[in-house]
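One-letter residues, chain by chain:
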Amino acid sequence: MIFDPAERIDLFHDAINRLDYEAIENFFAENATYVSNGVGSLAGRAAIMEAFRGYFDKYPDQTASNSLVETLTPLSGRAVWSIRATNSKTGEPLIREGEETITFDEDGRVVRVDVTDYQEF
């Protein structure tokens, strides 16, 4: 499969913004890894999806936007993003800015996500 990693990242982020869990899950390879301050260091699609659901239970009103999405290699890309959300239990606002590098397999499935927050949250 030939694809543009930047376009795949846009589609992946769109699924996340819609909280389309089925689509999000379908983006991940079975043995994917995900490293983020938001969900921790995770191995495997099932663990990633469990963490995503927990995160969005806590921040159900999250809105995210990308200021940059670029292809780095034929199988990877980078997105620079900002997030605004409210903690559903405490009412505290959450503001995050950062970037992520996403690596895909040849079929366009996410095999690794490395998130870097620009500040602690």
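The structure this text deals with has already been given above.
Residues numbered from 1 in each chain as written. Predicted model: local features only at pLDDT ≥ 70, side-chain atom pairs only at ≥ 80, totals over all residues. Heavy atoms only, no water.

**Student:** What exactly am I supposed to notice about helix α1 (residues 5–17) here?
**Tutor:** Given 3.6 residues per turn, any residue in an α-helix points the same way as the ones three and four places further on. Taking 1.5 Å of rise per residue, 13 residues should cover 18 Å, and α1 covers 18 Å from first to last C-alpha, within 8% of that figure. Within α1, the full set of buried residues consists of P5, A6, R8, I9, F12, H13, A15 and I16. On its buried face, α1 sits against α2 (21–27), β1 (28–36), α3 (45–58), β3 (63–73), β4 (76–86) and β5 (93–104). Capping the start of α1 is the job of one residue whose side-chain oxygen sits 3.1 Å from the backbone nitrogen of A6: D4. Taken from the residues just after α1, L19 is the one with a positive phi, measuring 50°. (Helix = DSSP H or I, 4+ residues; strand = E, 2+ residues; numbered from the N terminus. Expected span 1.5 Å × (residues − 1). Buried < 20%, exposed > 50% of the residue type's maximum accessible area, 1.4 Å probe, protein only. Contact = heavy atoms within 4.5 Å. Polar contact = N/O pair within 3.5 Å; in protein donor to acceptor, adjacent residues only side chain to side chain.)

**Student:** What exactly am I supposed to notice about the packing of aromatic side chains here?
**Tutor:** Note on aromatic pairs: each is described by the distance of the centres and the angle between the planes. Counted by the stated rule, this structure contains nine aromatic pairs. Taken together, a centroid distance of 6.0 Å and an interplanar angle of 75° make the contact between F28 and F52 edge-to-face. Remark: F52 occurs in helix α3 and F28 occurs in strand β1; sequence separation between them is 24 residues. For F52, a relative accessible area of 4% corresponds to the buried category. Sitting over the ring of Y21, R53 keeps its end group 4.9 Å from the ring centre. (Phe/Tyr/Trp six-rings, centres within 6.5 Å; stacked < 30°, edge-to-face > 60°. Lys NZ or Arg CZ within 6 Å of the ring centre and 35° of its normal.)

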